[in-house]
Amino acid sequence: PFSELLRFADGRGMSKRMESLSLGQGMGKRASELMQQGKQQGLWVVLQNCHLYTDWMGALEKIVEDYSRDDVRASINKEYRLWLTSM
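Heads up: these notes are all about the structure in this document.

## Some thoughts on the overall build of the protein chain
From N to C terminus, the protein chain includes four helices and three strands. Relative to the compact-globule value of 12 Å for 87 residues, the protein chain shows a C-alpha radius of gyration of 13 Å, a close match. Going through the 87 residues of the protein chain one by one, you find that 32% of them count as buried. Look at the contacts in the protein chain between residues 6 or more apart in sequence, and 75% of them connect residues 24 or more apart.

## Some remarks on the sheet that holds strand E1 (residues 18-22)
Here three strands make up an open sheet; going across it, the order is E1-E2-E3 and the pairing parallel. With one partner strand each, in any of the chains shown, E1 and strand E3 (81-84) form the two edges of the open sheet. Across this sheet, the average inter-strand angle for adjacent strands is 15 degrees, counted without regard to direction. Pairing geometry for E1 and strand E2 (residues 44-48), over five bridges, is parallel. Across the sheet, the residue bridging to Ser22 is Gln48, located in E2.

## Some points on the pattern of salt bridges
Opposite charge on two side chains permits pairing when their charged atoms draw close. Applying the stated criterion across every chain yields a total of five salt bridges. Glu33 is paired through a salt bridge with Lys29; the nearest N and O atoms lie 3.9 Å apart. In this pair, Glu33 and Lys29 both sit in helix H2 (residues 28-41), four residues apart, roughly one turn of the helix. Take Glu33: its relative accessible area is 39%, and that puts it in the partly exposed class. Under the relative-accessibility criterion, Lys29 is labelled exposed at 62%.

## Let's talk about unusual backbone geometry
Positive phi, close to 60 degrees, is recorded for Asn49, a residue that is not glycine. With respect to the secondary-structure elements, Asn49 resides in the loop between E2 and helix H3 (57-66).

## A few points about the nonpolar core
By size, the foremost hydrophobic cluster in this structure holds 15 residues, and its most contacted members are Leu23, Met35, Leu47 and Trp56. Where this core is concerned, the elements lending two or more residues are H2 and E2. When residues of this core are assigned to their parent elements, the largest contribution, three residues, is made by H2. Ranked by size, the runner-up nonpolar core spans six residues in total, among them Ala9, Met18, Trp44 and Val46.

Definitions and limits used
- Residues numbered from 1 in each chain as written.
- Predicted model: local features only at pLDDT ≥ 70, side-chain atom pairs only at ≥ 80, totals over all residues.
- Heavy atoms only, no water.
- Helix = DSSP H or I, 4+ residues; strand = E, 2+ residues; numbered from the N terminus.
- Rg over C-alpha atoms; globule rule 2.2 N^0.38 Å.
- Buried < 20%, exposed > 50% of the residue type's maximum accessible area, 1.4 Å probe, protein only.
- Contact = heavy atoms within 4.5 Å.
- Pairing = 2+ DSSP bridges.
- Axes fitted to C-alpha atoms, helices over the stretch in contact; angles between N-to-C directions.
- Salt bridge = Lys/Arg side-chain N within 4 Å of Asp/Glu carboxyl O.
- Core = buried A, V, L, I, M, F, W, Y, C linked by side-chain atoms within 4.5 Å.

Read these as layout, nothing more, since geometry by itself doesn't imply function.
Structural data, given as structure tokens:
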């Protein structure tokens with residue numbers, strides 16, 4: 001559960017650098033922006049309730065696949081983490 005992730009983040013000194021967003025219809029743009037911010041600033045980004053926005057999962061897959069490109073990987077802050085939750 002999310003509470004365990006919060007405890008883990010606290011133990012790693014990241015609880016104040018963790019942002020979460022509950023997904024739902026129309027939240028794809030905000031999620032993408034949050035992920036971009038996380039990559040740049042080294043935040044932990046938690047996208048919750050992925051099961052509620054299945055239409056956006058293809059876009060999320062493309063974003064994450066791009067992380068493996070050399071030019072993208074070089075720009076990702078080493079502290080950045082992306083966490084996904086679903087039922």
